[in-house]
Amino acid sequence: MKKLLLLFCLLSPVARAQSSADSVTIRKIYNEILSNSPSYEWLRYLTQQIGPRLSGSEGAQKAVDWTKQLMEKQGFDRVFLQEVMVPHWVRGAKEMAYIQNGKQKTTVPIAALGGSVATPSKGIEAQVVEVKNFQELRELGAEKVKGKIVFFNRPMDPTKLNTFEAYAGAVDQRGNGASEASRLGAVGAIIRSMTTAMDDNPHTGSMRYATGVPLIPAAAISTNGAERLSKALKENPNLTFYFKQSCESLPDAKSYNVVGEIKGSEKPDEIIVVGGHLDSWDLGQGAHDDGAGCVQSIEVLRALKALGIKPKRTIRAVMFMNEENGLRGGVGYADYAKKNNEKHIAAVESDNGGFTPRGFGIVGTAEQRAKAMAWKPLLAPYGLHEIGAGSGGADIGPLAQLGTVLFGFKPDSQRYFDFHHTGIDRFEGVNKRELELGAASMAALVYLLDRYGL
Ligand SMILES: [Zn+2]
């Protein structure tokens, strides 16, 4: 508070009056959202009535129709769809896996990784080699890997305070593990789930095959399952692992980004995007990932409208399609913007969960960052202390090539990977006030971006 006062005294009288008017408006935005937001009920519908929304699925199409109608009901100036073709991968029957250690058979929870091929219909049973990274795998060489299942068991680093850093440090196993294993003749890949939690929930997520290597099936194993397998291997390196999955990739399907906007009163050609992704993995309900970001983005526009705030610039809520397994929506959105010569000055994405707000990561020039960081005194009273260079978001990423400044909403990250891509990413996991505080944080930032530009 002292710091804020000091800064306030250093400002010119005009700037001081402006800053005080802004702080009053931001207070009103928070009051409106914390008192009247329907966003939690929207999330309830999206997660419990519509449910999982993997690209190409019936759920994804229902979510497109529903969010379009929802935004139309809010009376936004324009609501429209942008067509994109999306990958259409289906999981098929529930996977099965066990460790066969002599006569002892131990079932373990697995989930096929998105994009993986199926096992033969009888499943695969083979000996296992456990590695922590690709270097270790290559050192083993084809001789020790051929005909086996490679078990990637490098945990997320628990000492990283930002769990997204820990995720980034481990996720190469999920993305490229199968191809690296296949290069050496492996018949399957089992990957430790991307989480610091110890439990029985396998975490799915996308993987890709390198060109020119045989496509081998890949699945995530729960962290408890990984520990069990690792321990059993130490006792008996000759044990076998069995798994069966029947997933497949169908032809690309037609889908949509859903866009709603409030037209700017002074500079309608300058656009500010606020968004999240509408698709979600099939195991849960896509509540934190990323139903939260979607309803928060719509709430930003609703709250501005409810308060009678007439933005100078055009504010757009964008529900991107296919973030999880292709990013076609994000890429398609930037293509549309380019083709139509649209000027996007800033884009804000919420795709890190509906948890207590901490700040925003910024991708832009040093000057642009400095301008946004100067708003810190207005946002810090609401717990938004971490405002500075960081990452934006996968869906808005392609807008960077058009010179758009990107903002990634940063909630507290400690519990996100308990839920991420699992069967427990459900409505009950999201807290109403935390969700609303996130929406209010985004609305406050959008208000400042609209008022002052970058
Ligand atoms: Zn996400």
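This text follows the structure it describes.
Residues numbered from 1 in each chain as written. Predicted model: local features only at pLDDT ≥ 70, side-chain atom pairs only at ≥ 80, totals over all residues. Heavy atoms only, no water.

J.: Which residues make up the sheet that holds strand β7 (residues 188-192), and what are the values?
T.: Each strand in a sheet pairs with its neighbour through backbone hydrogen bonds, running either in the same direction (parallel) or in the opposite one (antiparallel). With respect to topology, eight strands assemble into an open sheet ordered β3-β2-β9-β5-β6-β7-β8-β4, the strand pairing being mixed. Strands with a single pairing partner mark the edges of an open sheet, and in this sheet they are β3 (104-107) and β4 (110-112). Going across the sheet, the axis of each strand differs from the next one's by a mean of 30°, ignoring polarity. Bridge count for strand β5 (residues 124-131) against strand β6 (residues 149-152) is four bridges, and the pairing is parallel. (Pairing = 2+ DSSP bridges. Helix = DSSP H or I, 4+ residues; strand = E, 2+ residues; numbered from the N terminus. Axes fitted to C-alpha atoms, helices over the stretch in contact; angles between N-to-C directions.)

J.: Kindly report on the pairing of β7, identifying the contributing residues and their values.
T.: Of all five residues that make up β7, five are buried, and the element is covered over most of its length. Of the two faces of β7, the one carrying G188, I190 and R192 and the one carrying A189 and I191 are both buried. As paired strands, β6 and β7 are joined by four bridges and run parallel to one another. When the bridges of β7 are listed, F151 appears paired with I190. One ladder, built from four bridges, connects β7 with strand β8 (residues 218-221); its direction is parallel. By the bridge assignment for β8, I191 is matched with A220. (Buried < 20%, exposed > 50% of the residue type's maximum accessible area, 1.4 Å probe, protein only.)

J.: Describe unusual backbone geometry, listing the residues and the values that go with them.
T.: For the bond from D289 to D290, the omega torsion is 0°, close enough to zero to count as cis. One non-glycine residue, N322, lies in positive phi territory at about 75°. When you line up the elements, N322 lands in the loop between β12 (313-320) and α10 (328-339). For H421, which is not a glycine, the phi torsion comes out positive at approximately 65°. Tracing the backbone through its elements, the reader meets H421 in the loop between α13 (416-419) and α14 (432-452).

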